[in-house]
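Close look at the chain arrangement
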Amino acid sequence: MFPWLAYGHIAPYLQVAKFLAQKNHHIYYVSTPKNISRLPQLPPTLCSNITFIPLSLPHVDGLPPGVESTSELPIHKVPYLKKSFDKLETQLTEFLERSPQIKLIIHDFAPYWLPPMANQLRINLVCFSIFNASSNAFLGSTSEMLGGSRKSPEDFTVVPTWMDYPNNIAFKLHETFSHKECEDIVSDVERYATVLLNCKILTLRTCYEFEPEALRVLGKIHQKPIVPLGLLPPSLSNIEYKGDENWKALKKWLDSKQEKSVFYVALGSEVSLSQQSMHELAFGIEKSGLPFIWVVRKPPLVEEQFAEVMIPPEFEERVSKRGMVLRGWAPQLRILAHSSVGGFLTHCGWSSVIESLGLGKPLILFPGGSADLGLIARLMHWKKVGFEIERNDVDGSFKSDLVAACIKRVMVDPEGEQLRANALAMKEIFGNVELSNKCLDEFTQLIENI
């Protein structure tokens, strides 16, 4: 298994690795030392079936020393990580040449150089996209990806013709510009198209129960098996862990609030807003008048004193009676699972959306600028489980009044009643471990038969 160097990729790959290991397959999980050390400890029963293979990331001018994942970098430095990742080809080839027992590689979008190597070593390739089917369908066929009908940024702001069912899946203009910042000479779409052309199966983090139309479209445009892996909901088994002092204080605060009255705000580990946008968001949160927990993360490679001014002066004092600002990491799943939490203001990362809907919580959609976050926001709006904060289509700017209005629509307004009911009903799909395992079972059988 060979994921891209981002935690949102590394974690789902590990979930699939654990499932395959339970079915008695031996997994070689390939990443870099730091990324491997960040992974949760394996259950003792699986240790003999999963071997971690650390490859050291080669030096590249422009990549800060010690950086091994996207969360440690501002978006404009991600191309250097891609350059370094591409240099792993030599180490991976050497490892595969001395490991003739390996018959299959489950890989991500990035290693466009993998197919010739795998072909030479007679290893089959399975592409595992951690994205959903709608985002994948929006990209179109491999020939469309490698130079099709869409030339200008505006072309990406309309629903493509091949998505032949009623939907609203398209980018806003400002989203088409912001992703360019993290592109290398070889674009992400070029990388993905190359691996898609050469894989036996494309598997995705979704299920038929949620996206039947997009999965049908993908089968039609790629003419190869498209296999939903399930939504891989996180385990809730350790959610009531009592030993954590920080969680105790947080839980006490949440316990004092009314049911479904608090909204949770987290913009993921890789979305960095400008100071102006952070201030506007803060004023919107304040104007909503509702209780909240806001997780604020220091932007990568920014010094502590500059990170402090990301929050408006005196904001925390003004909201101290009803709001909590947490810095750094927070136990997101535990917070979302608490009965006092009634909504999630999210950057629309697919893992975060899965966690929220798995617990039946509606979404206040505030998509970050990179990858498919905007497409996920449109999908959730279309599925009527979230409202999107209104922004200027061209530059992505927004006003605090509209932030407050959107929060209230989702949390308390009569207009959001149906949306809240829809999100609760989604728990049956997104939080359904049996359904996810059924998809994983079918996927396992399919790769055993390659």
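A quick note: this is a predicted structure, and the numbers were derived from the prediction, not measured. (Residues numbered from 1 in each chain as written. Predicted model: local features only at pLDDT ≥ 70, side-chain atom pairs only at ≥ 80, totals over all residues. Heavy atoms only, no water.)

Overview of the packing of aromatic side chains
With the rule as written, the count across this model stands at 18 aromatic pairs. Taken together, a centroid distance of 5.3 Å and an interplanar angle of 15° make the contact between Phe-2 and Phe-85 stacked. In this pair, Phe-2 is assigned in the segment before α1 (7-22) and Phe-85 in helix α3 (residues 78-86), connecting sequence segments 83 residues apart. Looking at Phe-2, the relative accessible area reads 2%, which means it is buried. In this structure Phe-85 comes out as buried when scored by relative accessible area, which is 0%. Taking 5.4 Å as the distance between ring centres and 90° as the angle between the ring planes, the aromatic pair formed by Phe-138 and Phe-171 counts as edge-to-face. On the criterion of sequence distance, the pair formed by Phe-138 in helix α6 (residues 133-139) and Phe-171 in the loop between α7 (142-145) and α8 (173-178) is long-range, its members being 33 residues apart. The pair formed by Phe-138 and Phe-171 is uniform in burial state, with each residue classed as buried. Following the ring pairs from residue to residue traces out a cluster consisting of Phe-2, Trp-4, Phe-85, Phe-109 and Trp-113. Geometry around Trp-253 places Lys-257 over its ring, the cationic atom sitting 4.4 Å from the centre. (Phe/Tyr/Trp six-rings, centres within 6.5 Å; stacked < 30°, edge-to-face > 60°. Helix = DSSP H or I, 4+ residues; strand = E, 2+ residues; numbered from the N terminus. Buried < 20%, exposed > 50% of the residue type's maximum accessible area, 1.4 Å probe, protein only. Lys NZ or Arg CZ within 6 Å of the ring centre and 35° of its normal.)

What about the sheet that holds strand β4 (residues 124-129)?
Spatially, 4 strands are ordered β3-β4-β5-β6 in an open sheet, and the strand pairing comes out parallel. This sheet does not close on itself; its edge strands, each paired only once, are β3 (104-107) and β6 (226-228). Neighbour-to-neighbour, the strand axes of the sheet open up by a mean angle of 25°, direction not taken into account. (Pairing = 2+ DSSP bridges. Axes fitted to C-alpha atoms, helices over the stretch in contact; angles between N-to-C directions.)

A word on the pattern of salt bridges
Enumeration according to the criterion identifies 16 salt bridges in this entry. In this structure, Lys-220 engages Asp-164 in a salt bridge whose closest nitrogen and oxygen atoms are separated by 3.2 Å. Here the residue Lys-220 occupies a position in helix α10 (residues 212-222), and Asp-164 occupies one in the loop between α7 and α8, the gap between them amounting to 56 residues. Looking at Lys-220, the relative accessible area reads 49%, which means it is partly exposed. (Salt bridge = Lys/Arg side-chain N within 4 Å of Asp/Glu carboxyl O.)

Regarding the pairing of strand β2 (residues 50-54)
Where strand β1 (residues 27-31) and β2 come together, 5 bridges link them in parallel fashion. Looking at β2, one finds that Ile-27 is bridged to Ile-50. Remark: the β1/helix α2 (residues 33-38)/β2 crossover connection has right-handed handedness. (Right-handed = clockwise from strand over helix to strand, strands pointing away.)

Structural notes on the domain arrangement of the protein chain
Split by domain assignment, the protein chain resolves into domain 1 (7-233 + 432-448) and domain 2 (243-431). One C-alpha centre belongs to domain 1, the other to domain 2, and the line joining them spans 27 Å. For the pair domain 1 and domain 2, the summed buried area comes to about 3,100 Å², and 61% of that belongs to carbon and sulfur atoms. Here domain 1 and domain 2 share 2 salt bridges between them. (Domains from an automatic or database assignment. Buried area = accessible area lost by both parts, 1.4 Å probe.)

Here we look at the nonpolar core
Leu-92, Tyr-264 and Met-380 are the most contacted members of the largest nonpolar core, which has 92 residues in total. By residue number, the principal contributor to this core is helix α17 (residues 373-382), which donates 5 residues. For this core, the two domains that each supply at least three residues are domain 1 (7-233 + 432-448) and domain 2 (243-431). When near neighbours in sequence (up to four residues on either side) are disregarded, Leu-92 contacts Phe-2, Val-30, Leu-55, Trp-113, Leu-114 and Met-117. In terms of nonpolar packing, the next biggest core, distinct from the first, is built from 29 residues, Met-278, Phe-387, Ile-389 and Val-410 among them. (Core = buried A, V, L, I, M, F, W, Y, C linked by side-chain atoms within 4.5 Å. Contact = heavy atoms within 4.5 Å.)

Details of α1
If you check α1, its first and last C-alpha atoms are 23 Å apart, about what 16 residues at 1.5 Å a residue would give, namely 22 Å. Turning to α1, its buried residues are His-9, Ile-10, Pro-12, Tyr-13, Leu-14, Val-16, Ala-17, Phe-19, Leu-20 and Ala-21. Summarising the contacts, the buried residues of α1 are in contact with β1, α2, β2, β3, β4 and α20 (433-448). Positive phi shows up at Asn-24, right after α1, with a value of about 70°. (Expected span 1.5 Å × (residues − 1).)

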